[in-house]
Amino acid sequence: MSNPDELLVAISAAVESERSNQMSLTVVVGGAVITGRLAPEAVWRERVAEVLKDSDHLGPFSDVFTRGPRQNRPGHGETPTHLHFHLARILQGSLGIPETGGMYRVAIEDVSAWTVGDFSYIDQ
């Protein structure tokens, strides 16, 4: 979207201000369907840093997620520009990738469609 959806920006701002990770959302970005729960950016960054730190090969990258001027992040007077998903999956056919859920950062302006809720497939 060239102009980010005001409702989506408001949802992201509410997640940031409430520090909640219970808002489920499904978005379409570049034709991919991503479904999961939103997390505040600071919480998302901390979790990604923890995962990277535990890796022998990727450990040095954990600092990228923990450093930086906090006053420039949403929740400090700025309008959110990204959605931060955790426990998220990219829906592909009858699969959710990864099965256990991943951490995704999505630019709000790139979202072409969205709905409240977390979709999953059930084999019948």
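Parameters at a glance
- Residues numbered from 1 in each chain as written.
- Predicted model: local features only at pLDDT ≥ 70, side-chain atom pairs only at ≥ 80, totals over all residues.
- Heavy atoms only, no water.
- 1 Å grid on protein atoms, 1.4 Å probe; cavity = no way out; pocket = protein on both sides within 12 Å on 5 of 7 lines; lining within 4 Å.
- Points joined across faces, edges and corners; volume = space filled by probe spheres on them.
- Helix = DSSP H or I, 4+ residues; strand = E, 2+ residues; numbered from the N terminus.
- Nonpolar A, V, L, I, M, F, W, Y, C, P; charged D, E, K, R; others polar.
- Salt bridge = Lys/Arg side-chain N within 4 Å of Asp/Glu carboxyl O.
- Buried < 20%, exposed > 50% of the residue type's maximum accessible area, 1.4 Å probe, protein only.
- Pairing = 2+ DSSP bridges.
- Axes fitted to C-alpha atoms, helices over the stretch in contact; angles between N-to-C directions.
- Contact = heavy atoms within 4.5 Å.
- Core = buried A, V, L, I, M, F, W, Y, C linked by side-chain atoms within 4.5 Å.
- Phe/Tyr/Trp six-rings, centres within 6.5 Å; stacked < 30°, edge-to-face > 60°.

Peer 1: Could you clarify how one ought to interpret empty space enclosed by the protein in this entry?
Peer 2: Empty pockets left among the atoms are what a rolling probe the size of a water molecule brings to light. For the structure on display, the rule yields 1 cavity of 30 Å³ or more. Reported here for the largest cavity is a volume of approximately 40 Å³. Considering the residues around the largest cavity, the lining is formed by Ser-12, Val-15, Glu-16, Leu-38, Ala-39, His-82, Leu-83 and His-84. For the lining of the largest cavity, the secondary-structure elements that each account for two or more residues are helix H1 (6-18) and strand E3 (82-92). Split into classes, the residues belonging to the lining of the largest cavity amount to 4 nonpolar, 3 polar and 1 charged.

Peer 1: Just checking my understanding: could you explain the pattern of salt bridges for this structure?
Peer 2: Pairs can form between side chains of opposite charge whenever their charged atoms are close. Scanning the entire structure with this criterion turns up 4 salt bridges. Asp-118 is paired through a salt bridge with Arg-89; the nearest N and O atoms lie 3.4 Å apart. Here Asp-118 is found in the segment after strand E5 (111-116), whereas its partner Arg-89 is found in strand E3, with 29 residues between them in sequence. Taking relative accessible area as the criterion, Arg-89 reaches 14% and is therefore assigned buried. One network of salt bridges, with partners in common, ties together Glu-41, Arg-45 and Arg-105.

Peer 1: How should I be thinking about the sheet that holds E3 in this particular structure?
Peer 2: Strands in a sheet are paired, the pairing made by backbone hydrogen bonds, and the direction either parallel or antiparallel. Strand order in the open sheet made by the 5 strands is E4-E3-E2-E1-E5, with antiparallel pairing throughout. One side of each edge strand has no neighbouring strand; the edge strands of this open sheet are strand E4 (95-107) and E5. Here the average twist between neighbouring strands, direction ignored, is 35°. Strand direction decides the pairing type here: strand E2 (residues 32-38) and E3, joined by 5 bridges, are antiparallel. Directly across from Leu-38, in E3, lies its bridge partner Phe-85. Where helix H2 (residues 41-53) meets the sheet, it contacts E3 and E4, and its direction lies at approximately 125° from that of E4.

Peer 1: Can you help me understand the nonpolar core in this one?
Peer 2: The tendency in soluble globular proteins is for nonpolar side chains to be buried side by side. Membership of the largest hydrophobic core comes to 16 residues, with the highest contact counts inside it found for Val-27, Leu-83 and Phe-85. Put simply, the parts of the chain that give this core at least two residues each are H1, strand E1 (24-29), E2, E3 and E4. It is H1 that contributes the most residues to this core, 4 residues altogether. Setting aside its immediate chain neighbours within four residues, Val-27 contacts Ala-32, Val-33, Ile-34, Leu-83, Phe-85, Val-111, Ala-113 and Trp-114.

Peer 1: For this particular structure, what's the right way to read unusual backbone geometry?
Peer 2: Most peptide bonds take the trans configuration, and most residues that are not glycine carry a negative phi. Backbone torsion omega between Ile-97 and Pro-98 reads -10°, so that peptide bond is classified as cis. Not every positive phi belongs to a glycine, and Leu-87 is a case in point at roughly 50°. Mapped onto the fold, Leu-87 is located in strand E3.

Peer 1: Explanation requested: the packing of aromatic side chains in the structure shown.
Peer 2: How two aromatic rings sit relative to each other is set out by the distance from centre to centre and by the angle between their planes. In the structure shown here, the tally under the stated rule is 1 aromatic pair. Aromatic pair Trp-44 and Phe-65: ring centres 6.1 Å apart, planes at 65°, arrangement edge-to-face. You can see Trp-44 sitting in helix H2 and its partner Phe-65 sitting in helix H3 (residues 62-66), a full 21 residues away along the chain.

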